[in-house]
Amino acid sequence: MNKFELSPAFLIGHDDIDSDHAELIKILNEMTDSFMAQDTKRCHEIWQQFCAKLNQHFIDEAKVMAGFGYTEEKENSDHQKILAHIDTLGGQENTLEDWKNCLFEMRNEFLSWILRHDLKFSEHLITIGYNQARP
Ligand SMILES: [Fe+2]
């Protein structure tokens, strides 16, 4: 199974947010390693770390965005939906196949969360002059 990658196109241009995203990707890659080692117990442990980190990330990110005058109600409700959904993916009784599906879903969904929400914030940072437009 391929590793997760954070391509430069998904960098937001705010250090805290970008390092959080990198950390989330790192956790998912640790989970991929555990999946490859067929260690379902470890997958579960790492998944719990991922859920906790994602929860904290959404809280921290909302604060950063609010600090730049950027608030979007929809973003908060979507975060809640995402958290509720990922809660259903990683049960203790998961089989290797369940973890495989979980990782595939993360691969498909994770980047689209960034695309839908954080890239709009990235544009906001350019609009207000915090960052320069990329060439
Ligand atoms: Fe984010």
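Provided above is the structure to which this section pertains.
Thresholds applied
The written sequence of each chain sets the order in which its residues are numbered from 1. Where totals are concerned, whole chains, interfaces and linings use all residues; where local detail is concerned, this predicted model gives features only for residues with pLDDT of at least 70, and gives and counts side-chain atom pairs only at 80 or more. Hydrogens are left out, water is left out, and the side-chain values use all remaining heavy atoms of the structure. Think of it this way: any DSSP run of H or I at least four residues long counts as a helix, any run of E at least two long counts as a strand, and we number them from the N terminus. A helix's residues, less one, multiplied by 1.5 Å, set its expected span. The donor set covers N, O and S atoms within 2.8 Å of the metal, switching to 3.2 Å for Na, K and Ca, and it leaves out water, so a site may look short of donors. Just to be clear on the cut-offs, tetrahedral is four donors with all angles between 85 and 135 degrees, square planar is four donors and octahedral six with opposite donors over 155 degrees apart and all others between 65 and 115, and anything else goes down as irregular. Relative accessibility decides the category of a residue: with a 1.4 Å probe and only protein chains considered, values under 20% of the type maximum give buried, values over 50% give exposed, and everything between is partly exposed. In what follows, residue pairs with any heavy atoms lying within 4.5 Å of each other are defined as contacts.

*Asks:* Please explain helix H1 (residues 15–36) as it appears in this structure.
*Replies:* Count 3.6 residues to each turn of an α-helix, and residues three or four apart come out pointing the same way. The first and last C-alpha atoms of H1 sit 31 Å apart over 22 residues, in line with the 32 Å expected at 1.5 Å per residue. Once H1 finishes, Gln-38 follows within two positions and takes phi at roughly 60°, a positive value.

*Asks:* Would you take a moment to explain the coordination of the iron ion for this structure?
*Replies:* A metal bound by six donors in octahedral fashion has ideal angles of 90 or 180 degrees, whereas one bound by four tetrahedral donors has an ideal angle of 109.5 degrees. Bound to the iron ion are the protein donor atoms His-21 (NE2), His-57 (NE2), Glu-61 (OE) and Asp-118 (OD), situated 2.0 to 2.2 Å from the metal. Around the iron ion sit 4 donor atoms; with metal-centred angles ranging over 82 to 163°, the donor geometry is irregular. Donor residues for the iron ion, ordered by position in the chain, follow H-x35-H-x3-E-x56-D. Residue His-57 is located in helix H2 (residues 40–67), and its partner Asp-118 is located in helix H4 (residues 96–127); the two are separated by 61 residues in the primary sequence. His-57 sits in the buried class, given a relative accessible area of 2%.

*Asks:* What am I meant to see in the side chain of His-79 here?
*Replies:* The residue His-79 is located in helix H3 (residues 73–89) in this model. When its relative accessible area of 4% is taken as the criterion, His-79 is described as buried. Filtering out sequence-adjacent residues up to four positions away, His-79 remains in contact with Phe-58 and Glu-61.

Note that every value here comes from positions in space, so none of it alone points to a role or purpose.
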